[in-house]
Structures are given as C-alpha cells and as structure tokens.
Amino acid sequence: MRKTNVTSHINTWLKSIPIQDPVDRQMAALLQVILLGFMTIFLLAGLVNLLLPGRTVPSQTIIIQIFIALLTIGFPLFILRRGAFRISVFVIIALLLIIESYAILAADLRSVAETLTFFTFAILLAGLLMGQRTLVFTFAVSTGAILLSILREQDAALRLDRITIAGNFILLNGLMSLVLGRFGITLRMALQAALERETELKNEIRVRRQTEATLQQFTKRLEILHEIDRSLLSAQSVHDIAKGALTRVRQLIPCPRASVTLFDLEKNEASFLAADFDGMETIPHTPIPLEEYGLNVLEELQQNRPWFTDDMLKDPQATELDKKLVNQYGIHAWLSLPLLYRGRLIGALNLGRGVGQRFTHRDAEIAHDIANQLAVALQQTRLYNALQEELTEHEKLISQLETSNAELERFTYTVSHDLRNPLVTIKGFLGMLEKDLRENRPDRIQDDFRRIAGAADKMDVLLSELLELSRIGRIVNPPEEVDLTALTQEALETLDARLRSSRVTMNISPELPCVYGDRIRLREVLENLIDNAAKYMGSQPNPIIEIGMRSQGESPIFFVKDNGMGIEASYHDRIFSLFEKLNPTLEGSGIGLALVKRIVEMHGGQIWVESEGLDKGSTFCFTIPLAGVRG
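Small disclaimer: the values here were computed from a predicted structure and weren't measured.

**Things to note about the sheet that holds strand E3 (residues 288-289)**
Then, in step 1: Spatially, E3-E2-E1-E6-E5-E4 is the arrangement adopted by the six strands of the open sheet, whose pairing is antiparallel. Looking along the sheet, the strands with just one partner apiece sit at the ends: E3 and strand E4 (307-309).
Then, in step 2: Across two bridges, the pairing between strand E2 (residues 269-277) and E3 is antiparallel. When the bridges of E3 are listed, Glu-269 appears paired with Pro-289.

Written out as structure tokens, the structure reads:
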C-alpha cells in the first residue's frame, strides 16, 4: 500500500506541469522524462567513475563535472516545471549549440567528431518540439560552426579530412532536418487529434454516465409515481390519499417535513389535511386564516407557480406560523406546489428542509407532477364521496317517500271509509230526525240528536289526530333539558281516569335521567304508550305497566312494558303504520303509534316493540338523546 502511494505521488508530480495547451503539455512531459533520464545517466556515470579502481582523474574533478552536468540539465528542467515549455527547449538547444561549437572551434574536428551528436540532438529537439523556424536556425548554427572549423584549418590534408567529416554531418543532418520538419508537424497534428479524441471520449463517457444517472432517477421517479397512482386508487378517503402521496414524495425529494393543505377561498381558511414528518410531531391546529398561511405564497400558487424560500427568517412576509416552524423544528427552506383542479386552486403540497438545504427547480419539477396527480385524486374522491352521500340521501328520501305514499294510501282509505262512516251516520239520522219531527216523536228525536252528535265527535277526533300528525316535524317547540321522571308523572296525571278505571298498577323506575328534546312532544310519546298499554290489557286480572330504562352499549333504552294482550311477530312493524289497529272494536283511530314513531325519529331516536306473542305482554322500547348530548 505504501509503495502504491509513493508511485501515485510521483505520477501526480510528473503530470503537474502548469501548461494550458494540451499538446505542449504532452511535449513538456516527454522532455521532462528525457531531462530526468540524462540527469540519472550523468549521476550514475559519475558514481561509477568515482568507484572505479585505478582512475587517473581526481575525485574532486569528477564531482565538479557531475555538479556542472546536473546544473546544466537542471536549469531547463526548473524552467520547464514552471510552465515555460518553449523557453526551456530554447535553453537546452542553446546550451547544446554553445557547448558543441566551443568544442569544435577549440579542438581538432577529428578529435571531437563523436560529440557532433550534440548538434544532432539539438536538431531533433528543434524539429520535434519547436517547429520549422527553430529547426532551420539550429541546423544553420551547427553547420556554420563546422564550416568555420574547416576554414580555420591551415593544413591541406587535415582540411580535407575535416571537409569529409563535415560533409557527412551536413548531408545526414540536412536530410534528417527535412524529414523532421514534416514529421514534427505531423506529430503535433496527430497528438492534437489524439488529445481531442481523448477529450471527446471523456466527454462522451461523462455524458453517458450523466444520462444513465438521469435515466435511473427518471425510472425511479416513474416507479414512485406509479406507486402513488396505485395508492390513490386504493385509498378510501382524501386523508389516506394525501398520506400515501407524502410518504412517497419524500422518497423522491428527501426532506424532513411534508404536508398537504386544503384551501377554502370563500371562507378564507386553510386546513392541514395530512402530514409526514420525521419524529413524533403534530401538525398545527386548523383551520387557520389564509393570512397566517401566507398571502404571498397563495399569490404564487394561484399563478400555477412553485413558491421557494431558502431561509424563512429572511423572508419579510414570514408569518408567525412560519417562525414557529423555524424556531421549534428548524425548518428554514420551503417549497410549496399548487394543487389545481380545472384551473381552481384547492390546496398546496408543502415540503420543508433545514437551514442551508435549499430546494432546486428540479425538485419543483418532480413535486409538480405529484401535485397534479394529488389534486385530481383529491377532487375526484371528494366528488365521489359527495355523490355517495347524495345517493344515500336520495335513497333515504325515496324510503321516506315510499313510507309517505303508504301512509297516503292509508289516509285515502281512512278518508273514504273512517271519515265516511260518521257522515253516513249523520246523514241517515238527519233523515230519521226529519221523520220523527213530522211524526212528533220526542223520545226518538233525542236519540237522533245523540247519534248525530256522536258521529260528529268521532269525525272531530279523527280530524284532530290527522292534523296533529301532520304538524310533527313542522311545528317544533324549542328543545330543552327534560327530567324524564317528572315528565312521566305529568303524563300519568293526564291519564289518571283511564288508569283508575282499568285498575292499572304503575311501576316507575326512580333513576330515569334527563333527556334533551321537545318537552310537549315527548310527553305525547309517554301518554300514547301508557294509554295504549292500558287499553290493550285484555282480560288481564292484575294489569301492570312498568316504565324504566336499560343499557345497551353507550346508549340507554327507555321502555314502557305491560302484561296485557301481547302482539304477534307479524304485527311488530305494522302497528307503527298509519291507521293500523290490532283490535278494530276498541276505541281509537290507529294514529297514536304512528304519531309516537314520528316524534321519536324527529329527535334522532328509534322505536320498536318486543313481544313473545298473544297474552305474553308487550314492551315498547325507544331511544332519546340524553341531556348534554347534542348529536
């Protein structure tokens, strides 16, 4: 591991040449390797010379030579490391030309012929690294130095030898210069093309990776949107829909706080429908005024634009609710998206983050898709629920209408029979009265008057009860708390004559509670049930009526129980219908129990009868809201 780190540091150092041009940077890296190679060679050669036995050159001289060589090569390397690539190459070429020219002019050309490679190396550097002009200049200087050396030679034989050496050098290096001139251009162009291709490949790889990352994110986004669609379809309420959407939106857009707010622009109210938070937190109590939610936020949302803030405390229009969320929960950054349905703002999707965690337009774009889904789902669920309620109400109205129609049929029957009978009686006895008057029969005249009056009284009672039944639900006395024990005593006082004549024993529970309702109507319920029980005692020798209460769950059930004739199971529902009478021979119109049923239902209660059959007695049960319950 340590070796790897060292190698990595060396590679980093070698590549850290501050040159902008990519071709020059590659050339500089090549030249750097060459210079470091020469320095290594000179250093190793000097060390070998120092270690050789029997050397003739003093150690001090060798050390000075090594130092001069390293300094000569190190200076252009130093310049190169500072980013001066061309200056560094010029320095190297100049040093090579100066050193070799001095050697040629100071000594015999034959004795330094093997060092002419310095000129060749300078030409190579000029052709490969610098360009055409530097190449021509280098070749000209090296050729000039050699020719000057020939001209300085006086000996004809030696001059001929120098001309041969010079000719070979000029021919070889001239040819090489021609090749290098073109090769250098081609090399730089090829290197430029390779670098451009490498850059293109890197860009292509980067773009491909970005595309893959974007595709993965988009795929995840589609998956979560699909999950939201499925959850919206399976949700039963708007709260479940909002809760499911918030849970999944936080998977796409990480944030510690998310909520859905519904707006009622007519009432100027905002209500929090659902929330999904980190930790056991609760949403603020709602509804709240729109001003507390933020009118500046609403203005943006109504334009179908997202609303951003990076720090709520820096917003001059921050509300007290905003400041509370910052101070208590550290939510500084907010993103709100409009919930629009057919162009109408119905709510907002709110996302919150901590300080320094700003939302981006990309976040807004993702959240906007979810907000659109959520708005449609919420509104459609609202409409569906409203439709279901309307259908339930319609079914209820249809049921009431059917009941009313049945009562109307019974009413028509009563009008055509029960009301006609007294009229027939009156008309018949009027004829009898006329006859008895002509015949002057005082004894019969008095009986005729009595019969006519009885028929008229019967018709009056029937009409009065029908009128009373029609008033239930239309003429309502103010509801109040009613002591049921006291109300029962009032009903007993009204029915005292009936109960005494029938020798009925009354058992009243002493723990009857207070109820809430129409006092007059509730007394009518008790009077009708007690009177009905006394009337249908039959042949019971010891008639008893019991009034009390029993518990069933949280709701108490009141009852009026007798030990009279009893009621067959087939009549348990019919007896509450209009004009139904178990015994037609007994007095009464058959309206009483229908009247009782309407009063109890008007108070939100129910009434039914329990009886095991004939001669087993009956128990009429009903429910009425207790005092303190305004259900």
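**Observations regarding the pairing of strand E13 (residues 618-622)**
Residues in a regular strand project their side chains so that they alternate between the two faces of the sheet.
Then, in step 1: For E13, the buried fraction is high: five of the five residues fall into the buried class.
Then, in step 2: On E13, burial covers both faces: Ser-618, Phe-620 and Phe-622 on one face and Thr-619 and Cys-621 on the other are all buried.
Then, in step 3: With five bridges connecting them, strand E11 (residues 555-562) and E13 associate as antiparallel partners. Bridge pairing in E13 links Asp-562 to Ser-618.

**Quick look at the confidence of the model for the chain**
In regions of low pLDDT, the predicted coordinates are not meant to be interpreted in detail.
Then, in step 1: Per-residue confidence for the chain averages 79 on the pLDDT scale, and 84% of its residues sit at or above 70.
Then, in step 2: By mean pLDDT, the top-scoring element of the chain is E13 (92), and the lowest-scoring one is helix H1 (residues 2-15) (70).

**Observations concerning the packing of aromatic side chains**
Then, in step 1: Considering all chains together, one arrives at two aromatic pairs under this definition.
Then, in step 2: Their ring planes at 70° and their centres at 5.1 Å tell us that Phe-263 and Tyr-293 sit as a pair that is edge-to-face. Taken together, the residues Phe-263 in strand E1 (residues 257-264) and Tyr-293 in helix H9 (residues 290-293) connect sequence positions 30 residues apart. Both residues of the pair, Phe-263 and Tyr-293, count as buried.
Then, in step 3: Arg-257 extends its terminal NZ or CZ atom over the ring of Phe-277, reaching a point 3.8 Å from the ring centre.

**Quick notes on the environment of Tyr-571**
Then, in step 1: Structurally, Tyr-571 is set in the loop between E11 and helix H18 (592-602).
Then, in step 2: For the pair Tyr-571 and Gly-613, spaced 42 residues apart in the sequence, the C-alpha separation amounts to 9.9 Å.

**Concerning unusual backbone geometry**
Then, in step 1: One non-glycine residue, Arg-342, adopts positive backbone phi at about 55°.
Then, in step 2: Mapping Arg-342 onto the fold places it in the loop between strand E5 (333-341) and strand E6 (344-353).
Then, in step 3: We classify Arg-342 as exposed; its relative accessible area is 77%.
Then, in step 4: The phi torsion at Arg-503 lies on the positive side, around 55°, for a residue other than glycine.
Then, in step 5: Following the sequence through the fold, Arg-503 ends up in the loop between helix H16 (496-501) and strand E8 (505-508).

**Comments concerning helix H17 (residues 519-535)**
Then, in step 1: Taking 1.5 Å of rise per residue, 17 residues should cover 24 Å, and H17 covers 24 Å from first to last C-alpha, within 8% of that figure.
Then, in step 2: With 13 of 17 residues buried, H17 is to be regarded as a mostly interior element.
Then, in step 3: Regarding H17, its N-cap is Asp-518, as a side-chain oxygen of that residue lies 3.2 Å from the backbone nitrogen of Ile-520 further along.

**Here we look at the packing of helix H15 (residues 484-494) against H17**
Then, in step 1: Two numbers describe how H15 lies on H17: the axes approach to 9 Å, and their chain directions differ by 55°. Taken together, the axes of H15 and H17 are oblique relative to one another. Every pair of crossing elements has a handedness; the one defined by H15 and H17 is right-handed. Between H15, through Leu-484, Leu-487, Thr-488, Glu-490, Ala-491, Leu-492 and Thr-494, and H17, the contact on the second element is made entirely by Arg-519, Leu-522, Arg-523, Leu-526, Glu-527 and Ile-530.

**Notes on the packing of helix H3 (residues 59-81) against helix H4 (residues 85-106)**
Then, in step 1: Interhelical geometry of H3 versus H4 gives an angle of 165° and a closest axis separation of 7 Å. Classified by the interaxial angle, the pair formed by H3 and H4 is roughly antiparallel. For the crossing formed where H3 meets H4, the hand is right-handed. Judged by residue contacts, Thr-72, Phe-75, Pro-76, Ile-79 and Leu-80 of H3 engage Phe-85, Ile-87, Ser-88, Val-91, Ile-92 and Leu-95 from H4.
Then, in step 2: Partitioned by chemical class, the residues of the contact of H3 with H4 number nine nonpolar, two polar and no charged.

About the criteria used
- Residues numbered from 1 in each chain as written.
- Predicted model: local features only at pLDDT ≥ 70, side-chain atom pairs only at ≥ 80, totals over all residues.
- Heavy atoms only, no water.
- Pairing = 2+ DSSP bridges.
- Helix = DSSP H or I, 4+ residues; strand = E, 2+ residues; numbered from the N terminus.
- Buried < 20%, exposed > 50% of the residue type's maximum accessible area, 1.4 Å probe, protein only.
- pLDDT = per-residue confidence, 0-100.
- Phe/Tyr/Trp six-rings, centres within 6.5 Å; stacked < 30°, edge-to-face > 60°.
- Lys NZ or Arg CZ within 6 Å of the ring centre and 35° of its normal.
- Expected span 1.5 Å × (residues − 1).
- Polar contact = N/O pair within 3.5 Å; in protein donor to acceptor, adjacent residues only side chain to side chain.
- Axes fitted to C-alpha atoms, helices over the stretch in contact; angles between N-to-C directions.
- Parallel < 35°, antiparallel > 145°, perpendicular 65-115°, else oblique.
- Left-handed = near helix turned anticlockwise from the far one by under 90°.
- Contact = heavy atoms within 4.5 Å.
- Nonpolar A, V, L, I, M, F, W, Y, C, P; charged D, E, K, R; others polar.

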